[in-house]
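An overview of the molecular structure
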Amino acid sequence: MALVEVRGLRKTFGPVVAVADVSFAIEAGRCTVLLGPNGAGKSTVLNMLAGLLAPTSGAIRFEGVPAGADHRHLIGYLPQQVAPFGWMTGFEYVRMAGELAGLDRGAAGVRAEELLALLGLEKAAGRRTGGYSGGMKQRLGLCQALVHRPRLLMLDEPVSGLDPVGRRDVLELLRRLKTGSTILFSTHVLPDAEELSDDVLIIRSGSIVVDESLASLRARHEQPVIEVELDDEAGLPAWLERLATTGAAVERNGAVIRCRFASAAATHAGAAEVYRLAADHPGGVRRVELGQASLEDMFLKAVQP
Amino acid sequence: MRQWLVLVRKEMLELWRSRKWLWVPLVFLVLGAMQPLAAYYMPEILDTFGGLPEGAVIEIPPPLPGAAVADALNQLGTLGVLVLALAGMGAVATERSSGAAAMVLVKPVSRAAYLLAKWAAYNLLMLASVAAGLAAAAYYTALLIGPVAVGPVLGVFAVFCVWLSFLLTVLIAAGVVLRSAAAVAFVTLAVAVVLALATSLLAGVMAWSPARLSSLAPGILAGTGAPGLALPLAVTAAAIAALLAGATSALRRRPMVPG
Ligand SMILES: Nc1ncnc2c1ncn2[C@@H]1O[C@H](COP(=O)(O)OP(=O)(O)OP(=O)(O)O)[C@@H](O)[C@H]1O
Ligand SMILES: [Mg+2]
């Protein structure tokens with residue numbers, strides 16, 4: 001059996017259907033990303049898995065846990081809004097989280113120190129969390145989620161509110177955690193999702209619309225694309241007309257021109273022509289790149305009604 | 001049980017850091033001391049502020065020691081309850097709406113342990129405060145008015161604390177159901193006032209009422225005894241247990257997400 005199996009999950013708040021019908025399974029050791037537009041129901045699904053919201057209907061089963069029994073010892077959860085007790089210090093907060101998860105006081109203290117240092121909070125560990133910045137609270141939230149080495153780590157937008165260095169650090173941490181633990185995280189940052197995840201769940205208006213491994217999603221949507229980033233738009237219309245004669249579907253997004261060909265073979269044939277035209281562009285070109293359609297394209301396709 | 005102890009420690013630390021461990025017992029202490037002091041100095045106070053006509057002789061008999069302590073207890077039952085309600089009104093409601101409660105309850109902590117930890121911590125605060133208030137009242141009564149028998153004071157302490165513990169249980173339970181801390185305080189005070197009023201107006205049918213634990217106090221202190229004390233004691237204990245059980249199951253069904 002998978003580590004987690006969710007079947008027919010539904011949650012309504014009065015007339016609002018937050019989650020309509022969600023079923024999926026998470027295999028142990030996989031890293032799954034939960035994507036979806038604002039209000040799609042990501043946090044609601046995670047809150048139900050965390051035991052904070054009772055589902056209106058449907059079942060959540062964890063491996064080795066009888067139906068209806070408590071599974072919270074298996075999970076570490078970073079909610080979307082981290083709200084520590086403002087009168088506690090960061091260290092006290094993480095230690096308490098460890099004790100609540102079953103560690104004894106001494107072990108929880110050692111683990112708390114280790115995690116606070118890992119997340120760059122060692123200097124702030126002795127200060128009250130009421131004075132923490134948003135990003136510091138986010139890091140503290142990660143500490144309390146990790147403190148008992150949970151089997152399933154659930155993170156609701158783990159990098160939101162972090163500075164670029166913090167974001168790098170957290171992604172690096174997740175990459176290291178990937179080996180050996182199971183992760184389910186939601187994000188709006190698609191490159192992060194692409195970098196970290198094995199499996200992709202896309203949810204739209206409370207229903208799952210994509211449930212696939214990243215590899216197979218890529219294989220299915222694999223479409224080479226040539227991107228040309230312009231320096232200056234001088235003489236652009238005429239140039240675009242010439243570009244169209246290569247047989248590529250041309251699409252413009254600001255200074256970035258994307259050329260898509262029907263097949264990989266056509267791309268290879270057309271690439272030389274596109275490169276030659278790029279060199280010819282009167283306004284100058286900053287970058288020409290041959291690549292694959294990104295998760296962003298697949299995401300946009302999946303959430304378009 | 002282990003988690004419960006961790007949470008009790010957390011609640012105690014919170015009460016300490018928010019200085020509630022300081023000011024709540026202090027208010028009770030002042031309230032308790034004020035009654036005997038006021039009774040003793042009443043003639044002087046009237047003399048100073050009363051502006052009585054020359055030659056008027058007013059004899060205010062000093063109260064019996066038992067009555068003085070009973071008066072003090074009355075103050076603890078009104079202003080003291082107000083202070084406790086204000087101190088504890090956010091215990092559950094504020095944590096729930098901020099999302100702090102959610103971050104406790106994602107750990108394998110039972111809803112019962114979560115509520116009982118708060119219940120225990122606020123009861124300890126209440127016990128210490130009532131002890132301070134009653135001790136101050138008894139001390140100044142003994143000093144200024146007359147000897148106070150220790151036995152009845154201890155008895156009244158126990159009985160009165162059961163009544164306040166009932167009100168604290170209402171306070172905690174209301175926090176599970178209501179989102180606003182002010183509403184929690186209001187409901188608790190309303191329960192206290194309505195029960196006390198109904199109990200004094202409809203003495204016949206309200207013999208079981210928890211509020212009798214407070215209204216029987218003067219009798220206990222005067223040494224005339226407290227007939228029928230067992231019934232309200234039993235009813236109150238049962239009500240506390242039922243409220244806690246109800247609040248726990250309500251908390252299980254409530255969404256624990258912030259907002
Ligand atoms: N407590 C609540 N009461 C009423 N409606 C709610 C509640 N919580 C969520 N909803 C509704 O459920 C839907 C899903 O919300 P949810 O927070 O799960 O979205 P999300 O995918 O996490 O969005 P975001 O990307 O903005 O975090 C939204 O339409 C929201 O308005
Ligand atoms: Mg969300």
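Residues numbered from 1 in each chain as written. Chains lettered and ligands numbered in written order. Predicted model: local features only at pLDDT ≥ 70, side-chain atom pairs only at ≥ 80, totals over all residues. Heavy atoms only, no water.

1. Let's talk about the interface of chain B and chain A
Taken together, the contact pairs 28 residues of chain B with 34 residues of chain A. A combined buried area of about 2600 Å² lies between chain B and chain A, and 63% of that area is made up of carbon and sulfur atoms. Per-residue buried area on chain B facing chain A is highest for B:Arg17, B:Met103 and B:Lys107; these three make up 28% of the total on that side. Joining chain B to chain A, the criterion identifies 2 salt bridges. A:Glu99 is the salt-bridge partner of B:Arg9, the closest N and O atoms lying 3.1 Å from each other. In this structure, the connection of chain B to chain A is made through 12 residue pairs in polar contact (both at pLDDT 80 or more). Every element with two or more residues in the side of chain B that touches chain A is listed here: helix H1 (2-17), helix H4 (93-98) and helix H5 (100-105) of chain B. (Contact = heavy atoms within 4.5 Å. Buried area = accessible area lost by both parts, 1.4 Å probe. Salt bridge = Lys/Arg side-chain N within 4 Å of Asp/Glu carboxyl O. Polar contact = N/O pair within 3.5 Å; in protein donor to acceptor, adjacent residues only side chain to side chain. Helix = DSSP H or I, 4+ residues; strand = E, 2+ residues; numbered from the N terminus.)

2. Considerations on the coordination of the magnesium ion (ligand 2)
Only A:Ser43 (OG) and A:Gln80 (OE1) from the protein coordinate the magnesium ion (ligand 2), and they sit 1.9 to 2.1 Å from it. Of this pair, A:Ser43 sits in helix H1 (residues 42-49) while A:Gln80 sits in the loop between strand S5 (75-78) and helix H2 (90-100), placing them 37 residues apart in sequence. (Donors = N, O, S within 2.8 Å, 3.2 Å for Na, K, Ca; no water.)

3. Some details on the nonpolar core
In this structure, A:Val4, A:Leu35, A:Leu49, A:Leu52, A:Met154, B:Trp163 and B:Leu164 are the most contacted members of the largest nonpolar core, which totals 153 residues. Counting only domains with at least three residues in this core, you end up with domain 1 (2-219) and domain 2 (222-303) of chain A. Contact partners of A:Leu52, with chain neighbours within four places excluded, come to A:Asn47, A:Tyr77, B:Ala102, B:Leu105, B:Val106, B:Arg254, B:Pro255, B:Met256 and B:Val257. Among the nonpolar cores identified, the runner-up in size contains 14 residues, and A:Ile226, A:Leu243, A:Ile257 and A:Val274 belong to it. (Core = buried A, V, L, I, M, F, W, Y, C linked by side-chain atoms within 4.5 Å. Buried < 20%, exposed > 50% of the residue type's maximum accessible area, 1.4 Å probe, protein only. Domains from an automatic or database assignment.)

4. A word on the domain arrangement of chain A
Think of interface size as the accessible area that goes away when the parts come together; that is how it is often given. Residue and element names in this part refer to chain A. Domain boundaries in chain A define domain 1 (2-219) and domain 2 (222-303). Relative to domain 2, the C-alpha centre of domain 1 lies at a distance of 38 Å. Contact residues are listed per partner, giving 14 residues for domain 1 and 8 residues for domain 2. Carbon and sulfur atoms supply 75% of the area that domain 1 and domain 2 bury against each other, a total of about 980 Å² over both sides. On the domain 1 side of the contact with domain 2, Leu190, Glu194 and Arg218 bury the most area, a combined 41% of that side's loss. Linking domain 1 to domain 2 there are 0 residue pairs in polar contact (both at pLDDT 80 or more). Secondary structure elements with two or more residues in the side of domain 1 that touches domain 2: helix H6 (190-196), strand S8 (199-204), strand S9 (207-213) and helix H7 (214-221). Among the elements that line the side of domain 1 that touches domain 2, the one with the most residues is H7, at 4 residues.

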